[in-house]
Amino acid sequence: MIKRITAHFTPKQYLVEMLLGLTALFGLYLIIAWSGYSPLDSSWSVSSSQPETINKAGKLGAWFIDLFFALFGHIGNIMPFVLFIAPIYFIRTKRRDSLTWTRLFLRLFGFSLLLCGLTALAALLLSNSLYYLAGGVLGGSLVVSFFPLIGKFGILLSGFILSVVGFIVCSGASLIRLLVKFYYWLTMKNEEPATETEEQPLAEENEFVEPPEEIKIPQSAVFQTEEKNDSAEEVDLVDVNRFIQISGLNNEKPTEQVTQSVLQQTPIHSEPLHENITADAFSGYGVDQIDDLPNVSIAVMDVTAHNQNFAPTAPLPHTQVQQQAQQSAVDFSRESDYTFERDEMPIPTVSIPPVQSVAPDFDASASITVRLNETESLTKEADDAEMTELARQFEEQQKQRFAEMEQRAKAMDAEDALNVILNKEESAVEISPTITAAPDYKPYGNSLIHPALQQKAVSKAKPTTPLPSLDLLEHRPTQAQDITQEEIIETSQRIEQQLRNFNVKATVKDVLVGPVVTRYELELQPGVKASKVTGIDTDLARALMFRSIRVAEVIPGKPYIGIETPNTHRQTVPLRDVLDSDEFRQSKSLLSMALGKDISGKPVVVDLAKMPHLLVAGSTGSGKSVGVNTMILSLLFRVKPEEVKFIMIDPKVVELSIYNDIPHLLTEVVTDMKKAANALRWCVDEMERRYQLLSALRVRNIEGYNEKIDEYNAMGMPIPNPIWRPGDTMDALPPALEKLSYIVVIVDEFADLMMVAGKQIEELIARLAQKARAIGIHLILATQRPSVDVITGLIKANIPSRIAFTVASKIDSRTILDQGGAEALLGRGDMLYSGQGSSDLIRVHGAFMSDDEVARIADDWRARGKPNYIDGILDGAEEEESADGERGADDGELDDLFDQVMEFVLSTGTTSVSSIQRRFRVGFNRAARIMDQMEEQGIVSAQQNGKREILARRPDY
Ligand SMILES: Nc1ncnc2c1ncn2[C@@H]1O[C@H](COP(=O)(O)OP(=O)(O)OP(=O)(O)O)[C@@H](O)[C@H]1O
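Note that this is a predicted model, so its numbers are computed, not measured. (Residues numbered from 1 in each chain as written. Predicted model: local features only at pLDDT ≥ 70, side-chain atom pairs only at ≥ 80, totals over all residues. Heavy atoms only, no water.)

Enquirer: Report on helix H28 (residues 913–920), specifying residues and quantitative values.
Expert: The buried count for H28 comes to six of eight residues, which makes it a mostly enclosed element. Buried within H28 are the following residues: Val-913, Ser-914, Ser-915, Ile-916, Gln-917 and Phe-920. Packed against the buried residues of H28 are helix H20 (673–697), helix H27 (898–908) and helix H29 (924–936). One or two positions beyond H28, positive phi appears at Arg-921, with a value near 50°. (Buried < 20%, exposed > 50% of the residue type's maximum accessible area, 1.4 Å probe, protein only. Helix = DSSP H or I, 4+ residues; strand = E, 2+ residues; numbered from the N terminus. Contact = heavy atoms within 4.5 Å.)

In structure tokens, the structure reads:
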């Protein structure tokens, strides 16, 4: 149960409040009378023949207003308003509480001075007529009386001084403060802190009024402590609202924070306040009981921080307050002049300890925290009690039940059976916790596998179109770029201006607004280097207030440099838009890939066959995976499985596994990096095999080869496989050659692959990269670690095409692109493309597609056919490798297969390691080592341009 503290008025306060209210009402009445004033009405100075009063406030109203005009002239106009506003001001600001007879007299006196001053000024300055005195009787008589003495100027000066002094005395405001405020208002400066300005009038007021004779507690809050002291301080908390923080009702700072902030404001030298305030001081309050209220904390804050004359004992003389501040808590209560009586009311607790523990030096004027958090603890206690009671009842019931059972068992002579039952019951109780802890599995219909773990069955009918339709991609409306002409002109001017500040003279010649960035093309003055602008790109970005800008030193086909600034609203480039473009449709190459849109919004389509390998790098989250998916989907929309095959390596497991089982795959998506190395080795072997075929058919590349196959097939003369040997297959005759498909090897995180077998992988990639172009094997390697241990010199030298997404630093950018720029990209698919070793960079905003779209296209292909996985791509058989390794360890010993291999090489004339691998079913290492041994024995020459010659003739051996 919580008590709510409510305010009660003393009879005197009732009276004052009522009088002020009546005065305000009378003022309102006079305002109405003033607004309806007519000089024709009969009144104090006018006797009219008019039978009816025109004024809406009646005769009385007309009479009063006329009286004001007669007495004070024009100044009479303010009287109704003063009578209305002043009482309301007193009530609202609670100044009525401090209204004493002396103060009332002073205020009235001040007002009289003000009236005298103003009426005198009005009488002199405003025009008077025979019937109407501008300053009224008062102003007129003052002027008449004093004119002979001090003259016109003297009256003006005195009137002014009287007005000012009168205003200060009656309002209690400080003229200097008002002037300062006016100055601040004029100069638009911030005023002093609000607290200070709030408190000041009070302080000023106190200066005018002598210390109050009586000390009273007008409706102030008083608190009761748990420990009740015999003596306590009477407190005049003038504005109690400022010191009460109610947490739970109010979203402002929690009590602790308030206390903390008060602590910070409190001077360190001051001493702690141990003030126990008794509930008696709540004499002006009634206590209502209510059931449920949130936590209420009442903090008496550091009043001295606001007003030096004001402490919890505010009306005390200044010196006394200081003395009290220096006293200890005990002293404070003992020496206090004012005492509270103890009250037994159980009201909220005053918790001082937290304040003391946080700041032992806490001042007497520091905060006291009152916490009303009984509800929570009481509820908890009640809950606990209830639980214990229930447990007790249950135990009793059980005992009773067992007693009954025992009796019945005795009667039936079945005590043994009862024991068995009771034991079982006990053991059941014991194991029950384990049973309840187990998850509550429900049946999954017909399946034993949870729906979330079931493979998604694609029950799609085989599509009728030869290739997937673009309708599988979502149609996202193109958002319009909302940059205005004015904005562009303004930014152009700012760029020119800022460049001038850096001593670069340039003029904006062209502006291209793209989906993500806007490029300002500038003509530099002759003699100014473009690198000068590149060097100040960060300073320029800061000066122009852009997140980052990129300087394009060369714009192909234009004599300008480009400054690319990010657009306020970034557009997404949908993949559908790019694939649906003429650029992509009309590209002839089979391996054309759409990347996104360039700076002017034109689709960027690149040809993987020409690249011929691609390195993609960018920090995490920069859009690499989306970029790689864009490339794969571009291919999936235009190539059939027999034309292009994929080997996908995905150490992250989740990125490319969505393509599993599409018919383009040569093997399932590789996630094990050891197997991935084998896949690369297989590629090298395949490359060797293809070169043999190409050389046998005397063609230079895969296109020529495929054409030749087509040509002879069309003539009905299929070409027999020239490198087939009896025993390679079960066939009696060599099989006919078929067209070769392109192979695209995609590695999503190339760094992981390098970690597993760095040197080997580097060599394999280098070999593929050097030679694989002609035979149609292409690599796309992506990495998020653009460091030199991943992108080694060897790899860089062999992979000329690069794409850089956002990277962390200029150094990373240089590692990928051999120049800076990628560090200023904007992320989320923003990339720089450098094709085929060219130093020109194309800024591309990558196309975007959702995972659902990728899944739809993969499903579409899965519905069209099954993959024809090639056995053995992934088995390089580690055991075999390790066995090879062991064999290689004993130097000088020829391999067991040496003789057979030599026979094979001499009889067939082939020196290819891959053919040895295939023929003898050994791993790459072993085959290569046998070849090295043959070289040592002088049977074959050393490798030159990837080829060896046979030096020995058969009879030699
Ligand atoms: N072209 C794009 N347009 C719009 N948003 C994009 C684009 N590309 C990527 N994003 C956003 O960036 C997020 C991260 O992209 P993504 O997963 O491809 O990054 P990542 O470089 O592969 O990261 P990680 O290396 O950690 O896998 C995406 O979820 C997407 O919201």
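Enquirer: I'd like a description of the nonpolar core, backed by residues and values.
Expert: Core analysis: the biggest nonpolar cluster contains 108 residues, and Phe-646, Tyr-659 and Val-745 have the highest contact counts within it. Sort the elements by how many residues they give to this core and H20 lands first, with 12 residues. Apart from residues no more than four positions distant in its own chain, Phe-646 is found in contact with Ile-632, Leu-635, Leu-636, His-664, Leu-665, Leu-666, Thr-667, Val-744 and Ile-746. By size, the runner-up hydrophobic cluster in this structure holds 21 residues, among which are Phe-898, Met-902, Ala-928 and Ile-939. (Core = buried A, V, L, I, M, F, W, Y, C linked by side-chain atoms within 4.5 Å.)

Enquirer: Let's hear about the sheet that holds strand S10 (residues 561–566): which residues, and what values?
Expert: Strand order in the open sheet formed by four strands is S7-S8-S10-S9, with antiparallel pairing between adjacent strands. Both outer strands of the open sheet, strand S7 (506–513) and strand S9 (550–552), are each paired with one neighbouring strand and no more. On average, each strand axis in the sheet is tilted by 25° relative to the strand beside it, whichever way the strands run. (Pairing = 2+ DSSP bridges. Axes fitted to C-alpha atoms, helices over the stretch in contact; angles between N-to-C directions.)

Enquirer: Provide a residue-level description of the site of the ligand, including the pertinent values.
Expert: The local shell around the ligand holds 16 residues, among which Thr-620, Lys-624, Ser-625, Gln-784 and Gly-846 are the closest. Side-chain polar atom of Thr-620 to an oxygen atom of the ligand: 2.4 Å apart, as the coordinates give it. Here the ligand, which alone exposes 620 Å², has 75% of that area covered by the protein. Counting only elements with at least two residues in the shell around the ligand, the list comes to helix H19 (624–636) and strand S20 (842–848). A class-by-class count of the residues in the shell around the ligand yields three nonpolar, nine polar and four charged. (Near = heavy atom within 4 Å. Polar contact = N/O pair within 3.5 Å; in protein donor to acceptor, adjacent residues only side chain to side chain. Areas by Shrake-Rupley, 256 points an atom, 1.4 Å probe, with all protein chains shown as cover. Nonpolar A, V, L, I, M, F, W, Y, C, P; charged D, E, K, R; others polar.)

Enquirer: Residue-level account of the packing of aromatic side chains, with values.
Expert: With the rule as written, the count across this model stands at eight aromatic pairs. Consider the rings of Trp-63 and Phe-64, whose centres lie 5.5 Å apart with planes at 90°: the pair is edge-to-face. With relative accessibility at 34%, the residue Trp-63 sits in the partly exposed group. Ring geometry for Phe-904 versus Phe-920: centroids 5.7 Å apart, planes at 90°, classification edge-to-face. With Phe-904 in helix H27 and Phe-920 in helix H28, this pair connects stretches of sequence that are 16 residues apart. We classify Phe-904 as buried; its relative accessible area is 9%. An aromatic cluster of three or more residues is present, and its members are Phe-26, Tyr-29, Trp-63, Phe-64 and Phe-68. Over the aromatic face of Phe-584 sits the side chain of Arg-638, whose NZ or CZ is 4.9 Å from the ring centroid. (Phe/Tyr/Trp six-rings, centres within 6.5 Å; stacked < 30°, edge-to-face > 60°. Lys NZ or Arg CZ within 6 Å of the ring centre and 35° of its normal.)

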